[in-house]
Amino acid sequence: MDLNLKGQVVMIAAASKGMGYATALECAREGAIVSMASRDKQAIESAAETIRQQTGATVKAYTFDAGDAQSIKQWAEDTLRDLGPVKGLLVNAGGPPTGQFDSFDDDDWQSAFELTLMSSVRMIRAVLPSMRASGGGSILAITSSSVKEPIDILILSNVMRSGVTSLIKSLSQQLGPDNIRLNTLIPGKIDTDRLRGTNQAQASKRGVSVEEHNAQMAAQLPMRRFGDADEVGKACAFLLSDAASYITGVSLAVDGGLIKTVW
Ligand SMILES: NC(=O)c1ccc[n+]([C@@H]2O[C@H](COP(=O)([O-])OP(=O)(O)OC[C@H]3O[C@@H](n4cnc5c(N)ncnc54)[C@H](OP(=O)(O)O)[C@@H]3O)[C@@H](O)[C@H]2O)c1
């Protein structure tokens, strides 16, 4: 299937590794012009260079911090100036810290609000004028299975990502007439540094080794394994592309069957 991404400018947030990186790579393989960003200049430049070498695509690296309003605005302005109108945006950031209700004070809640919910608002706001002016686009936000089934040690993520889901659904209703589609992608347990970190925290809380914890977690999944970032990257590239031209307002789980709810 041709995703029709050739020559389309896509902005991929939090892309130096993990699912953001996998999405940038997949979009580049499909011929997109990629603007990828994260906080660590060296890491994002090295990631962009790897993708350029593997695909021959036009890939530019930028630094930004999802928790900082000005740097989000700057990344979008720089992309528009360097690469032209933006047709796709992957809303993504590092996850908020692990912990239960008693571990967090107001400052922690405020930081999670800025990092997860406000960063989504700001990234979307930054690309809308360009998408409207150029006849449409696709926005995809990475959330978590915690929006369907809250995760014990991720209360900040559970709450803030539910807000992101609602934001995306609301905007999918409002921006349809502008031919702008908005969806979320729900990763299950995807083998990245983030999952390794949360698994370590859960193993410590349970008093078992991380290897034992991982084996038990994988055994509970219908597909009996964690997912690869590449498997998420392919789904993200599809939803960002014109191949998904009539899909808006959905939450697509890429979770190997982890989520058990019917709806
Ligand atoms: N992996 C899973 O199973 C899973 C499941 C559900 C949800 N999630 C969520 O999905 C998102 C991506 O996870 P991942 O597994 O791909 O993580 P990852 O492999 O740890 O990669 C995280 C990426 O985010 C960037 N980043 C972190 N904080 C940032 C910030 N404040 N501003 C800009 N970039 C930032 C990092 O680069 P720099 O260090 O260079 O900034 C890195 O490129 C996270 O929010 C995570 O919580 C993951």
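The preceding data block contains the structure.
Only a predicted model underlies this, so the values are computations on that prediction, with no experimental measurement involved.

### Let's talk about the site of the ligand
Thought 1: As a matter of local geometry, the ligand sits amid 29 residues, with Ser 16, Ser 38, Arg 39, Ala 93 and Thr 192 nearest to it.
Thought 2: Here Asp 40 contributes a backbone N or O atom positioned 3.1 Å from an oxygen atom of the ligand.
Thought 3: For the ligand, the protein covers 91% of the area, taking 880 Å² as the surface of the free molecule.
Thought 4: When residues of the shell around the ligand are traced back to their parent elements, those giving at least two are α1 (18-29) and α6 (193-206).
Thought 5: The residue inventory of the shell around the ligand, partitioned by class, reads 11 nonpolar, 10 polar and 8 charged.
Thought 6: Counting contributing residues, the shell around the ligand receives three or more from each of domain 1 (9-190 + 227-254) and domain 2 (191-226).

### Focus on the nonpolar core
Thought 1: By size, the foremost hydrophobic cluster in this structure holds 35 residues, and its most contacted members are Ile 12, Cys 27, Val 34, Met 36, Ile 51, Val 59 and Leu 185.
Thought 2: Sorting the residues of this core by element identifies β1 (9-13), α1, β2 (33-38), α2 (41-55), β5 (137-142) and α8 (229-240) as the ones contributing at least two each.
Thought 3: Ignoring anything within four residues of it in the chain, the contact list for Val 59 reads Ala 28, Val 34, Met 36, Ala 48, Ile 51 and Arg 52.
Thought 4: Counting 31 residues, the second-largest nonpolar core is a separate cluster that includes Trp 75, Leu 83, Ala 93 and Ile 139.

What counts as what
Residues numbered from 1 in each chain as written. Predicted model: local features only at pLDDT ≥ 70, side-chain atom pairs only at ≥ 80, totals over all residues. Heavy atoms only, no water. Near = heavy atom within 4 Å. Polar contact = N/O pair within 3.5 Å; in protein donor to acceptor, adjacent residues only side chain to side chain. Areas by Shrake-Rupley, 256 points an atom, 1.4 Å probe, with all protein chains shown as cover. Helix = DSSP H or I, 4+ residues; strand = E, 2+ residues; numbered from the N terminus. Nonpolar A, V, L, I, M, F, W, Y, C, P; charged D, E, K, R; others polar. Domains from an automatic or database assignment. Core = buried A, V, L, I, M, F, W, Y, C linked by side-chain atoms within 4.5 Å. Buried < 20%, exposed > 50% of the residue type's maximum accessible area, 1.4 Å probe, protein only. Contact = heavy atoms within 4.5 Å.

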